[in-house]
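# Results of the structural survey
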Amino acid sequence: MKHKIKEKAEFPIRHYAIGLFLVLTALVFSFFTILHLAIEPWQSAKEGSQKIAKEYAGLESLTSFSIYNGKESYYSLIGTNSKKRKKLF
């Protein structure tokens, strides 16, 4: 008789543990998916403006990147040129 009571007590705990694990896994996966989707436009703008600055202004290495979103969007890059001088692009 004791064995059946013990078995019934363990049975729901195992299901709750599995359910909790699945819910937490879904939450973590959702968090990282949303984070990736939020960072993607910023990363794309950074790569595009860096490519343009390398092509037209001689950017060698990028130190800092920022975006201003007003009525129009502006990208500012700070980096070094081919003469190893710090420059704002």
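This is a predicted model, so every value here is computed, not measured. (Residues numbered from 1 in each chain as written. Predicted model: local features only at pLDDT ≥ 70, side-chain atom pairs only at ≥ 80, totals over all residues. Heavy atoms only, no water.)

### Quick notes on the sheet that holds strand S2 (residues 73–81)
Taken in spatial order, the three strands make up an open sheet running S1-S2-S3, and their pairing is antiparallel. The open sheet terminates on both sides in strands that have one partner only, identified here as strand S1 (59–69) and strand S3 (86–88). The mean angle between the axes of side-by-side strands here comes to 15°, regardless of whether they run parallel or antiparallel. Here S1 pairs with S2 via nine bridges, running antiparallel. Paired with Ser 64 across the bridge in S2 is Ile 78. (Pairing = 2+ DSSP bridges. Helix = DSSP H or I, 4+ residues; strand = E, 2+ residues; numbered from the N terminus. Axes fitted to C-alpha atoms, helices over the stretch in contact; angles between N-to-C directions.)

### A word on the UniProt feature "transmembrane region" (unreviewed entry) in the protein chain
Taking the UniProt record as the reference, the feature "transmembrane region" (unreviewed entry) is found at residues 16–39. End C-alpha atoms of residues 16–39 are separated by 35 Å, and the span's content is 100% helix alongside 0% strand. (UniProt positions renumbered as here; feature names shortened; annotations may be inferred.)

### Focus on the nonpolar core
Grouped together as the largest cluster of nonpolar side chains are six residues: Ala 45, Ala 53, Leu 59, Phe 65, Leu 77 and Phe 89. Counting only elements with at least two residues in this core, the list comes to helix H1 (2–57) and S1. Sequence-distant contacts of Leu 77, that is, excluding residues within four places in its chain, are made with Ser 49, Gln 50, Leu 59, Leu 62, Ser 64, Phe 65, Lys 87, Leu 88 and Phe 89. (Core = buried A, V, L, I, M, F, W, Y, C linked by side-chain atoms within 4.5 Å. Buried < 20%, exposed > 50% of the residue type's maximum accessible area, 1.4 Å probe, protein only. Contact = heavy atoms within 4.5 Å.)

### Examining the side chain of Asn 81
Turning to its location among the elements, Asn 81 is positioned in strand S2. The residues contacting Asn 81, other than those within four sequence positions of it, are Gly 58, Glu 60, Lys 87 and Phe 89.

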